[in-house]
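Report on the structure
Here is what each chain is made of, one letter per residue.
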Amino acid sequence: MTKITLVAFDGTRFDVDAENGSTVMENAIRNSVPGIEAECGGACACATCHVYVDDAWTDKVGTPEPMEEDMLDFAYDVRPTSRLSCQIKVRSELDGLVVHVPERQA
Amino acid sequence: MSTPIETDVVIIGAGPVGLFAVFELGLYDLKCHLIDILDRPGGQCAELYPEKPIYDIPAWPEISGQALVDRLMEQISPFKPEFHFNRMVSGFRKLDNGRFEVETDEGELLHCHAVVIAAGGGSFQPKRPPVPGIEVYEGTSVFYSVRRMEEFRGKDLLIVGGGDSALDWTLNLQPVAKSVTLVHRRPDFRAAPDSVNKMFAMREEGKINFQVGQVTGLKGEDGQLSAAMVKGPDGDIDIACDRMLPFFGLTMKLGPIADWGLNQHENLIAVDTEKFETSIPGVFAIGDINWYPGKLKLILSGFHEAALMTQAAARLARPDTKMVFQYTTSSTSLQKKLGVQ
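Residues numbered from 1 in each chain as written. Chains lettered and ligands numbered in written order. Predicted model: local features only at pLDDT ≥ 70, side-chain atom pairs only at ≥ 80, totals over all residues. Heavy atoms only, no water.

1. Observations concerning the overall build of chain A
From N to C terminus, chain A includes three helices and five strands. The secondary structure elements of chain A, listed N-terminal to C-terminal, are β-β-α-β-α-α-β-β. For 106 residues, the compact-globule estimate of 2.2 N^0.38 gives 13 Å, and chain A sits close to it at 12 Å. Over its C-alpha atoms, taken along the principal directions, chain A stretches across nearly 30 × 25 × 25 Å. Out of the 106 residues in chain A, the part that is buried amounts to 51%. Considering only intrachain contacts with a sequence separation of at least 6, the fraction spanning at least 24 residues in chain A is 65%. Here chain A has roughly 5000 Å² of accessible surface; of this, 47% comes from carbon and sulfur atoms. Seen as two clouds, the 9 positive and the 19 negative side-chain charges of chain A have centres 4 Å apart. (Helix = DSSP H or I, 4+ residues; strand = E, 2+ residues; numbered from the N terminus. Rg over C-alpha atoms; globule rule 2.2 N^0.38 Å. Buried < 20%, exposed > 50% of the residue type's maximum accessible area, 1.4 Å probe, protein only. Contact = heavy atoms within 4.5 Å. Areas by Shrake-Rupley, 256 points an atom, 1.4 Å probe, with all protein chains shown as cover. Lys, Arg positive; Asp, Glu negative; His and termini not counted. Charge placed at Lys NZ, Arg CZ, Asp CG, Glu CD.)

2. Brief notes about the nonpolar core
Residues I11, L25, V115, I117, W260 and I286 of chain B are the most contacted members of the largest nonpolar core, which totals 64 residues. Setting aside anything within four residues of it in sequence, one finds V115 of chain B in contact with V10, I12, F92, F100, V102, W260, G282, V283 and F284 of chain B. (Core = buried A, V, L, I, M, F, W, Y, C linked by side-chain atoms within 4.5 Å.)

3. Let's talk about the domain arrangement of chain B
Domains assigned within chain B are domain 1 (5-125 + 251-338) and domain 2 (134-248). Each of domain 1 of chain B and domain 2 of chain B was reduced to a C-alpha centroid, and the two centroids are 38 Å apart. (Domains from an automatic or database assignment.)

4. A few points about the sheet that holds strand β21 (residues 268-270) of chain B
Residue and element names in this part refer to chain B. Ordered in space as β20-β21-β23, the three strands form an open sheet in which the pairing is mixed. Of all strands in the sheet, those with a lone pairing partner are β20 (264-265) and β23 (290-291), marking the two edges. As paired strands, β20 and β21 are joined by two bridges and run antiparallel to one another. In the sheet register, Q264 faces β21, and the bridge partner there is I269. (Pairing = 2+ DSSP bridges.)

5. Here's the deal with the interface of chain B and chain A
In this complex, chain B contributes 13 residues to the contact, which on the side of chain A involves 15 residues. A combined buried area of about 1400 Å² lies between chain B and chain A, and 49% of that area is made up of carbon and sulfur atoms. The closest approach of N and O atoms between R185 of chain B and D73 of chain A, which form a salt bridge, is 2.8 Å. Along the contact surface separating chain B from chain A lie eight residue pairs in polar contact (both at pLDDT 80 or more). Grouping the constituent residues of the side of chain B that touches chain A by class yields three nonpolar, four polar and six charged. (Buried area = accessible area lost by both parts, 1.4 Å probe. Salt bridge = Lys/Arg side-chain N within 4 Å of Asp/Glu carboxyl O. Polar contact = N/O pair within 3.5 Å; in protein donor to acceptor, adjacent residues only side chain to side chain. Nonpolar A, V, L, I, M, F, W, Y, C, P; charged D, E, K, R; others polar.)

6. Quick look at the sheet that holds strand β2 (residues 9-12) of chain B
Strand-to-strand pairing in sheets goes through backbone hydrogen bonds, with the strands running parallel or antiparallel. Residues and elements named next belong to chain B. Spatial ordering of the open sheet is given by β6-β3-β2-β10-β22, a layout of five strands whose pairing is parallel. If you trace the sheet from one side to the other, it starts and ends with β6 (82-84) and β22 (283-285), each paired once. The average angle at which neighbouring strand axes cross in this sheet is 20 degrees, direction not considered. (Axes fitted to C-alpha atoms, helices over the stretch in contact; angles between N-to-C directions.)

7. So, the pattern of salt bridges
Oppositely charged side chains can pair when the atoms bearing their charge come close. Tallying each qualifying case throughout the model produces 28 salt bridges over all chains. As a salt-bridge pair, D73 of chain A and R190 of chain B come within 2.5 Å of each other at their nearest N and O atoms. With D73 of chain A in the loop between α3 (66-72) and β4 (82-84) and R190 of chain B in the loop between β13 (179-184) and α5 (193-204), this pair bridges two chains. Of the residues examined, R190 of chain B reaches a relative accessible area of 26% and is grouped as partly exposed. Note that R128 of chain B and E138 of chain B form a salt bridge whose closest N and O atoms lie 2.7 Å from each other. Residue R128 of chain B is located in the loop between β11 (123-126) and β12 (156-160), and its partner E138 of chain B is located in the loop between β11 and β12; the two are separated by 10 residues in the primary sequence. One salt-bridge network, in which partners are shared between bridges, spans E69, D70 and D73 of chain A together with R185, R186 and R190 of chain B.

8. Let's talk about the side chain of S141 of chain B
All names here are of chain B. Within the secondary structure, S141 sits in the loop between β11 and β12. By relative accessible area, which is 0% here, S141 ends up buried. Setting aside its immediate chain neighbours within four residues, S141 contacts G223, Q224, L225, D242, R243 and M244.

9. Some details on the pairing of strand β14 (residues 209-212) of chain B
Residue and element names in this part refer to chain B. Summarising the sheet, β13 and β14 pair through four bridges and their orientation is parallel. Opposite V183, over in β14, you have Q211 as the bridge partner. Taken together, β13, α5 and β14 constitute a β-α-β crossover, and its handedness is right-handed. (Right-handed = clockwise from strand over helix to strand, strands pointing away.)

In structure tokens, the structure reads:
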């Protein structure tokens, strides 16, 4: 298990024990984190699981693949730390990861 | 108003489940017309994930969305379904003779014994971009499609997006509009490389403007747009414009079907699990659009629902014919219908 934290837009913190190999989006849905909609169910076919990776974690999490970057065009208020949480796979080196939920999804 | 098309069944939605319904209904000699808002069959499989593999179609360990659609089209071809693409269903009523009338937004009328709603997540419609207050300008200054290019003649046009629609309209409307500014959040595009190259060449020639950034707000009065606020890499700027064309992809909405008076459950259509019939007898709902206890939104569930729906629809359409259950493997009459005998 890897500990990750999702911070809702209102500041509420959700500390989650996430299984390695699962996606950050799946953990958000399982724990009813508000603001993560994941309309397409994780197919990288919408942009409704958009998160901002905490500045301290951007290097470890890495940058989006071209397809995800394309999908991010549809998200609201995209920033350099933006990712789609369905495309971030939980792994041991992300223990302690913090992501922030934006004000709204597209 | 056109002369009504007379048929057995009207299927709303030409996604995988709507297509397979043609097969099941066809085995019982029921002729189908399908209506879809997209310009081709396949629904979400074709629009959202044509290249992506699906792993839970029985006997297909892996098949792409588009390949599944192609196979279904091949499978139903003996039944010669008729497609009405680029259409949305706009009207629905029960006729005095017990049949139904379905109307499309292009004014076509279809008369049928049964209506099958296989509309998945709803009809694909342009997505409203996340710009606060944009609703005020819709239909006067902000448009999501180009019906007539002349409407943009002499206008200061702002086009937003990075896909083929945004690039194509930038290129096509440049000679018509007074000025064209393309705004996209990054210098890379999803659109065809050829269009992107042409756009950059036009910018070199000073024919269009291209600004990297995201639209954060709009300025204007009484629905008349005067400028868009854009957050770019060098800060916030205002771009003067009186027309805006945002291209932010498609989203799915239930649309006018929501007003048919069908019982609903959280925006889905409630059905029974024997016939997958809605609260209006003769109107069925199959696939992702329906709800019943235990519902799973899987393509294979939709296929099963299509088979059971067919039993009820066939009784309705052919009340005097005795229903005989047969297997395609052994029935010569079914094989004749399939064109393999």
